Amino acid sequence: MAGKLYLCATPIGNLEDITLRALRVLKEVDLIAAEDTRNSIKLLNHFEIKTPLTSYHEYNKIEKAYSLVEKMRDGQNVALITDAGTPAISDPGEDLVRICYEEGIEVTSLPGAAACVTALTLSGLPARRFSFEAFLPREKKERAAILDELRDDTRTLIVYEAPHHLISTLKDLQSALGERRISVCRELTKKYETVFRTTFSEAVSYYEQNGVRGECVIVIEGRDRAEIARRERESWKSMSVEEHMAYYTDGGMDRKEAMKQVARDRGVGKRDIYQQLCQRN
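Residues numbered from 1 in each chain as written. Predicted model: local features only at pLDDT ≥ 70, side-chain atom pairs only at ≥ 80, totals over all residues. Heavy atoms only, no water.

**Some points on the nonpolar core**
The nonpolar side chains of a soluble globular protein tend to be buried with one another. Residues Leu 166, Leu 170, Leu 173, Leu 177, Ile 182, Ile 218 and Ile 220 are the most contacted members of the largest nonpolar core, which totals 21 residues. Elements with a minimum of two residues in this core: helix H6 (140-150), strand S7 (156-161), helix H7 (166-177), strand S8 (181-186), helix H8 (200-210) and strand S10 (216-220). Contact partners of Leu 177, with chain neighbours within four places excluded, come to Leu 147, Leu 150, Arg 151, Leu 157, Phe 200, Ile 220 and Arg 223. (Core = buried A, V, L, I, M, F, W, Y, C linked by side-chain atoms within 4.5 Å. Buried < 20%, exposed > 50% of the residue type's maximum accessible area, 1.4 Å probe, protein only. Helix = DSSP H or I, 4+ residues; strand = E, 2+ residues; numbered from the N terminus. Contact = heavy atoms within 4.5 Å.)

Right under this line is the structure:
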C-alpha cells in the first residue's frame, strides 16, 4: 500500500505548543521533510525524535516533491514540517500537497500553531471575516497591484513582515489603505511577546524611534462599508443624471431598471431621478 503525507504543525516559538499527535506521528513516520534541516533538528532533538530528516524548501520544491511521492508510492509515510507553524501556509508545502493529490497520494493535516490565527485572536480586531496576505511582494509593481486590490476589502487583513522591512511596509500600507487601526504582534508565544494596538502613523513614529526586533504580524482593520458607500455616492454624483443613466442603458439595461439602479447609486428615491430627467427634457 502507498504511504501517506502528514502535514505536521510545529511551534511558532514556545515549544510546548506542539501537539501530542504531532509528536507521535513525527516518531512513527519513515521520513521527515523539513524546510530547514538545521533549524528543525533542534526541535527534533529537544523531543528526542530520531526519524531521518531530508530537506524540502523553495528551491527544490518541485523536483523533491516527486522524489518524496516515489517514496510514498513505495509505502513510506512522510511528515512535512516547516520552520515554524503549519506547513503549506505561506510555505512551499502547498506544492507538495498539490502534487500528492495529482499523483494519488493520501494527505492529512495535523492541526497546530499558525502565526496568522494567533495574531488575529490577539489583535482585538474583528475576527469573523479576514484576509491573509502573508508577505507582500517585494517587487514594486506587483506590490502596488496587491495593495490596490486590498484598498476596499472590508475584511480584517493579516500581513507578515520581517523586522528590517516593517517600517517601510507600514508606510506602504498607510499610503495605499489610508489611516487604519492596526495591531502589530511580535515574538508570538515567546517570552517577550507584544501586541501593539495602534494606527499606521503612530506605529511608524514609534518604530522609527525605538527600532524593531522579532518577526511581526500586522493585523489591520478592514475598510468601513459605510465609507465605501459614501465614496461611491460621491463618485456617481460627479456625473450628471443623464450620464449616469447612459452608463447603464448603453450596457443593455432597460430604462426602468436603469432608473432604479441610478437611484440606489445616488442614495435617493426613484421618483427624484424621474423628476430630474423630466425637468431636463
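**Focus: the packing of aromatic side chains**
Applying the stated criterion across every chain yields a total of 6 aromatic pairs. The interplanar angle of 80° and the centroid separation of 5.2 Å between the aromatic rings of Tyr 206 and Tyr 207 together place this pair among those described as edge-to-face. These aromatic residues form a ring-pair network of at least three members: Phe 132, Phe 135 and Tyr 160. (Phe/Tyr/Trp six-rings, centres within 6.5 Å; stacked < 30°, edge-to-face > 60°.)

**Let's talk about the packing of helix H3 (residues 61-73) against helix H4 (residues 93-102)**
At their nearest, the axes of H3 and H4 sit 9 Å apart, and the two run at 45° to each other. In terms of orientation, H3 lies oblique with respect to H4. Seen along the crossing, H3 lies across H4 with a hand that is right-handed. For the pair H3 and H4, contact is made by Lys 61, Ile 62, Ala 65, Tyr 66, Leu 68, Val 69 and Met 72 and by Asp 95, Leu 96, Arg 98, Ile 99, Cys 100 and Glu 102, respectively. By residue class, the composition of the contact of H3 with H4 is 9 nonpolar, no polar and 4 charged. (Axes fitted to C-alpha atoms, helices over the stretch in contact; angles between N-to-C directions. Parallel < 35°, antiparallel > 145°, perpendicular 65-115°, else oblique. Left-handed = near helix turned anticlockwise from the far one by under 90°. Nonpolar A, V, L, I, M, F, W, Y, C, P; charged D, E, K, R; others polar.)

Shape is all these values report; function is a separate question.
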